[in-house]
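Spelled out from the first residue to the last, the chains are:
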Amino acid sequence: MENPEVADRLDAFAALLELGDANPYTARAYRRAAETIRGAPSSVAELVRSGRVRELRGIGPGIEARLRELVETGEIAELAELERELAPDLVGLGRYLGLSAKRSVELARALDVRTAEELRAAAAAGRLRGVSGIGPKTEARLLEALAREGEPRPRRGLLLNRARELVGGIAAVVGGEVAGDVRRWRDSCELLAVVCASRDPRPVLARFTGLPQIVAVVEQDERRAVGVTVDGVPVELVVAEPQRFGTALVRATGSPAYVAALEPLPEAPDEQTVYRGLGLPWCPPELREEPFRGAPPALVDLTDIRGDLHCHTTWSDGRASVEEMARSAEERGYEYLAICDHTPAVGAVRGLTADEVRRQGEEIAAANEVVAPFRVLRGIECDILPDGRLDLPDDTLAELDWVQASVHGGQRMPRRELTKRVEEALRNPDVRCLSHPKGRIINRRPENALDLERLFEIALEQGVAVEVNGLPDRLDLRGEHVRDAIEAGVEIVCSTDAHSVRGLDNMVLSVMTARRGWATPAQVLNTRPLPFVVSPISP
Ligand SMILES: [Zn+2]
Ligand SMILES: [Zn+2]
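Parameters at a glance
- Residues numbered from 1 in each chain as written.
- Chains lettered and ligands numbered in written order.
- Predicted model: local features only at pLDDT ≥ 70, side-chain atom pairs only at ≥ 80, totals over all residues.
- Heavy atoms only, no water.
- Helix = DSSP H or I, 4+ residues; strand = E, 2+ residues; numbered from the N terminus.
- Patch = residues over 30% accessible without salt bridge, like charges linked within 9 Å, V, L, I, M, F, W, Y side chains within 5 Å.
- Areas by Shrake-Rupley, 256 points an atom, 1.4 Å probe, with all protein chains shown as cover.
- Salt bridge = Lys/Arg side-chain N within 4 Å of Asp/Glu carboxyl O.
- Lys, Arg positive; Asp, Glu negative; His and termini not counted.
- Charge placed at Lys NZ, Arg CZ, Asp CG, Glu CD.
- Buried < 20%, exposed > 50% of the residue type's maximum accessible area, 1.4 Å probe, protein only.
- Pairing = 2+ DSSP bridges.
- Right-handed = clockwise from strand over helix to strand, strands pointing away.

1. Quick notes on unusual backbone geometry
A cis amide bond links Gly-254 to the next residue, Ser-255, at an omega of -5°. You can see Ser-255 is positioned in the loop between α13 (245–253) and α14 (256–262). Here Leu-475, not a glycine, exhibits a phi torsion of approximately 40°, which is positive. Summarising the element assignment, Leu-475 is placed in the loop between β13 (465–469) and α21 (479–487). Despite not being glycine, Trp-518 has its phi angle at roughly 65°, a positive value. Within the secondary structure layout, Trp-518 lies in the segment after α22 (507–516).

Structural data, given as C-alpha cells:
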C-alpha cells in the first residue's frame with residue numbers, strides 16, 4: 001500500500017469520525033497524521049512493518065494500531081463499519097445540498113434510504129415533506145438544489161492547497177489534467193474540474209465515480225459527471241474526444257468570462273493548437289481571469305526566487321530551529337533565508353523581546369558558520385502597535401538585516417485610522433516590507449479597510465516592499481492587489497511565512513499569486529542576489 005492511499009484512508013476515517021460526532025481532537029489527529037504520511041519520504045507500510053512508524057510526527061500508539069491493521073488487512077474494520085452506519089454518500093450529497101451531516105443522517109433514517117439515488121427518488125415522490133422538521137420551504141429548497149443545472153459549486157470556496165490536493169489526486173488516478181479554478185491558482189476554489197481525453201468515456205467515468213474521494217454522483221451523462229466529496233464539494237469530470245481535448249481543457253479551465261470572450265473556440269487536440277487557431281499566443285492559466293487577447297509578459301517563476309524573507313522558528317511559534325530552517329531553504333536551492341519571528345504584541349503566541357532578539361542573533365551567527373556560503377538573515381516580524389509605533393526599540397531594529405512590519409491585532413480599525421497607523425510604521429527607516437497587508441484569513445476574516453492606493457504611495461517613497469504571503473489561508477496581497485502595487489511601482493516580495501520546514505513549500509502559492517498579479521521577475525525583490533536585497537548585512 002502506497003503512502004497516498006494510506007493517507008486517503010486516514011482522511012476518510014477522520015471525515016467519518018467527525019460525522020459520527022467523535023471527539024474533534026481525534027478526527028483532527030487523523031487528518032494531521034494523513035498529512036504527515038503524504039509528505040513522508042519513505043514507505044509508511046515499511047515503517048509500520050519495522051515498528052518505526054511512531055518516529056513520524058503526530059503518530060501515537062492509537063494511530064499506529066490503525067495503520068498496522070490497514071497495512072496487514074488492507075482495511076480498517078471500524079472505518080468500514082462507520083461507512084455502513086453513516087452512509088457517507090448521503091452525507092456528501094446532503095452537504096452539497098446545504099444540510100449538516102447530522103441532518104442528512106436524520107433525513108436518511110426518517111426516509112429509510114441508503115443511497116443518494118434513493119434519496120432523489122424519495123424527494124421526487126414527494127416524501128420529503130413527511131419528515132419532521134422539513135416544511136414546504138425546506139422541501140422546495142432541497143428539490144431545487146437536487147434539480148440544479150449548470151455549474152455546481154461548493155457552498156464556500158476551498159483553500160487552494162486543499163483544492164490542489166483533492167483535484168490533483170483525482171486527475172492522477174483518472175489520467176486527466178487539472179482544470180477549473182485550481183489550474184488558474186485562484187485563492188479560493190469553487191469550480192473543481194478534471195479533463196481527460198478518451199475515445200471511450202465509460203471506463204474513465206467508472207473509475208471516477210468509484211474513487212474513494214467521490215461519495216455520491218449528482219450528475220452524469222455520456223461524457224461528463226459531477227461527483228461530490230464527503231464534505232459536499234462537487235468535482236466535475238469531462239471526458240473529451242482526443243481530437244477535442246485542447247478545446248475542452250480551455251473551456252474547463254475558465255474563467256467563464258475569459259472563455260466567453262474567446263468563443264467560438266476551434267476544435268483542437270491541445271491548447272497550443274486552440275490558441276494558434278485563434279491567432280493568439282498561448283496564455284498561462286493564471287492570467288485567464290478577465291477577457292484578454294494580448295501577448296502575456298514573461299512572468300516571475302518559482303525558479304527565479306533566490307531566498308525566502310519571512311519564516312518562523314521555535315523562538316516564536318515555528319516548529320523548527322534556525323539551522324533546520326536554513327538547511328531546508330538551502331536544499332531548495334535558495335541563497336538566503338530571513339528568520340522573522342514575532343514580537344511580544346502579537347499576543348496569541350510567544351514574541352521576542354529586544355533581549356531575546358540579540359540572543360537569537362548569536363544563534364543565527366552560529367548557524368551561518370555551518371551553512372556558509374548560504375546566508376541566514378537576522379529578521380523580525382515586528383507588530384505595528386495601535387498608534388503606529390513598532391513593537392521593538394529603534395536601536396534593536398537597526399541591528400537587523402530585514403524588518404517585516406505587521407498588523408495582527410486591531411484589523412477592524414476604520415480605514416483612515418488603520419491607514420495612518422500603517423503609514424506611520426512604514427516611515428520607520430528600518431522597515432523593509434509590509435506583511436500580509438490586507439489581513440484577511442480566507443473563509444474566516446474579511447480584508448481590512450487599509451487604503452492600498454495611499455499605502456503604495458508611501459511604500460514607494462520609503463522604499464518599502466509589500467508581501468505576497470504564501471500561507472494558503474492568507475495569499476495576501478491577492479492577485480488584483482499585486483497588479484495595483486506593480487502599477488504603482490512598488491516592489492513585491494514572495495514569502496512563505498513558513499512555520500515549519502514543510503511550510504517553505506508554500507513558495508509556489510506565493511509565486512503563482514504574484515503571477516496572477518502579472519508580476520515579472522524584475523518586480524519581485526527576492527529574485528535578486530542578496531546584496532541587492534539587504535544592505536548592510538550583519539557580520
Ligand atoms: Zn503575521
Ligand atoms: Zn509571520
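Moving on from the coordinates now.
2. Points about a positive patch on the surface
Residues Arg-28, Arg-32, Arg-57 and Arg-319 make up a contiguous surface patch of positive charge. Topologically, Arg-28 is positioned in helix α2 (residues 24–39).

3. Thoughts on the pairing of strand β8 (residues 307–311)
Burial within β8 is extensive, with 5 of its 5 residues counted as buried. Strand direction decides the pairing type here: β8 and strand β9 (residues 336–339), joined by 3 bridges, are parallel. Bridge pairing links Cys-311 to Ile-339 in β9. Between the parallel elements β8 and β9, the chain passes through helix α16 (residues 322–331) in a crossover that is right-handed.

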